[in-house]
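# Secondary and tertiary structure notes
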Amino acid sequence: NIIIGERTAEEIKINIGSMYPKSVPERMLVKGRDITTGLPVEIEVTSDEVYNALSECAEKILEGVHSVLEETPPELVADVSERGIYITGGGGLVWGLDKLIAEKTGIPILSRWVISVIRVIPAVFILLSLFSIVFEGGIILCVPLKNVIS
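Predicted model only: the values in this text are computed from it and were never measured.

Bringing the overall build of the chain into the picture now. Each helix and strand counted, the chain has 5 helices and 6 strands in total. Ordering the α and β elements of the chain from the N terminus gives β-α-β-β-α-α-β-α-β-α-β. Burial statistics for the chain: of 150 residues in total, 35% are counted as buried. When the accessible surface of the chain is summed, it comes to about 8900 Å², and 55% of that surface belongs to carbon and sulfur atoms.

The following block contains the structure:
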């Protein structure tokens, strides 16, 4: 029953946010405004609480990934399975997203957060729906195909 600002929410996401269960929960003090009294209040938030709050978003991301992989031609899926998936975007930095996607898809997630330039190649646009679905959550998943990443 607390209202927090956008900056505080971002700090929570960066510091203790999780899309995969942590073996040792982390804690963070958060300042905000009590909904009932309107007065300033400070509470402790745990990474388990943030994980629960982000679980619906994580499920939507996984649904988007699965949907795109199902619609992708077999030879491209083979490349994806071999080369892995790059995660980029601010939401891609949330702890455990890489583990979650790798566990649910069996595809390796590469820890390269910035992709410089993607050349326009028709094969890339087969995966365009991945960008539109997953970007809504603040995350872009990029699949490295041959001659795509420069």
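Before going further, it helps to spend a moment on the sheet that holds strand E3 (residues 40-46). With antiparallel pairing, 3 strands are arranged side by side in an open sheet as E1-E2-E3. In this open sheet, the two strands that pair with only one neighbour each are strand E1 (2-3) and E3. Bridging between E1 and strand E2 (residues 27-34) involves 2 bridges; their strand directions are antiparallel. Looking at E2, one finds that Ile-2 is bridged to Asp-34. Sheet strands in contact with helix H1 (residues 6-16) are E2 and E3, and its direction is about 165 degrees off that of E2.

Okay, the layout of surface pockets next. Here the largest pocket is characterised by a volume of approximately 250 Å³. Put simply, the parts of the chain that give the lining of the largest pocket at least two residues each are H1 and helix H2 (47-71). Here the lining of the largest pocket is built from residues that sort into 6 nonpolar, no polar and 3 charged.

What follows covers the pairing of E3. For E2 and E3, the ladder comprises 7 bridges, and the chain directions are antiparallel. In the sheet register, Gly-32 faces E3, and the bridge partner there is Val-41. Linking two consecutive strands that pair antiparallel, namely E2 and E3, is a turn of 5 residues; a positive phi of about 80 degrees is found at Gly-38 within it.

Turning our attention to H2. Here H2 contains 25 residues, and its C-alpha end-to-end distance of 35 Å stays within 8% of the 36 Å for a straight helix at 1.5 Å per residue. Residues of H2 that are buried include every one of Ser-47, Val-50, Leu-54, Ala-58, Ile-61, Leu-62, Gly-64, Val-65, Val-68 and Leu-69, and no others.

Okay, the side chain of Ser-18 next. Along the chain, Ser-18 turns up in the loop between H1 and E2. For Ser-18, a relative accessible area of 1% gives the class buried. In this structure the side chain of Ser-18 is engaged in a polar contact, spanning 2.3 Å, whose partner is the backbone oxygen of Tyr-20. Once residues within four sequence positions are removed from consideration, Ser-18 is found in contact with Ser-47, Val-50, Tyr-51, Leu-54, Val-94 and Trp-95.

Before going further, it helps to spend a moment on the nonpolar core. One finds Ile-12, Ile-16, Met-19, Val-50, Ile-61, Leu-97 and Ile-101 to be the most contacted residues of the largest nonpolar core, which totals 22 residues. Elements with a contribution of two residues or more to this core: H1, E2, H2, strand E4 (85-88) and helix H4 (97-105). By residue number, the principal contributor to this core is H2, which donates 7 residues.

The subject of this paragraph is the packing of aromatic side chains. A complete count under the given rule lists 0 aromatic pairs for this structure. Between the NZ or CZ atom of Lys-22 and the centre of the ring of Trp-95, over which it lies, the distance is 5.1 Å.

Thresholds applied
- Residues numbered from 1 in each chain as written.
- Predicted model: local features only at pLDDT ≥ 70, side-chain atom pairs only at ≥ 80, totals over all residues.
- Heavy atoms only, no water.
- Helix = DSSP H or I, 4+ residues; strand = E, 2+ residues; numbered from the N terminus.
- Buried < 20%, exposed > 50% of the residue type's maximum accessible area, 1.4 Å probe, protein only.
- Areas by Shrake-Rupley, 256 points an atom, 1.4 Å probe, with all protein chains shown as cover.
- Pairing = 2+ DSSP bridges.
- Contact = heavy atoms within 4.5 Å.
- Axes fitted to C-alpha atoms, helices over the stretch in contact; angles between N-to-C directions.
- 1 Å grid on protein atoms, 1.4 Å probe; cavity = no way out; pocket = protein on both sides within 12 Å on 5 of 7 lines; lining within 4 Å.
- Points joined across faces, edges and corners; volume = space filled by probe spheres on them.
- Nonpolar A, V, L, I, M, F, W, Y, C, P; charged D, E, K, R; others polar.
- Expected span 1.5 Å × (residues − 1).
- Polar contact = N/O pair within 3.5 Å; in protein donor to acceptor, adjacent residues only side chain to side chain.
- Core = buried A, V, L, I, M, F, W, Y, C linked by side-chain atoms within 4.5 Å.
- Phe/Tyr/Trp six-rings, centres within 6.5 Å; stacked < 30°, edge-to-face > 60°.
- Lys NZ or Arg CZ within 6 Å of the ring centre and 35° of its normal.

Read these as spatial facts, not as claims about activity.
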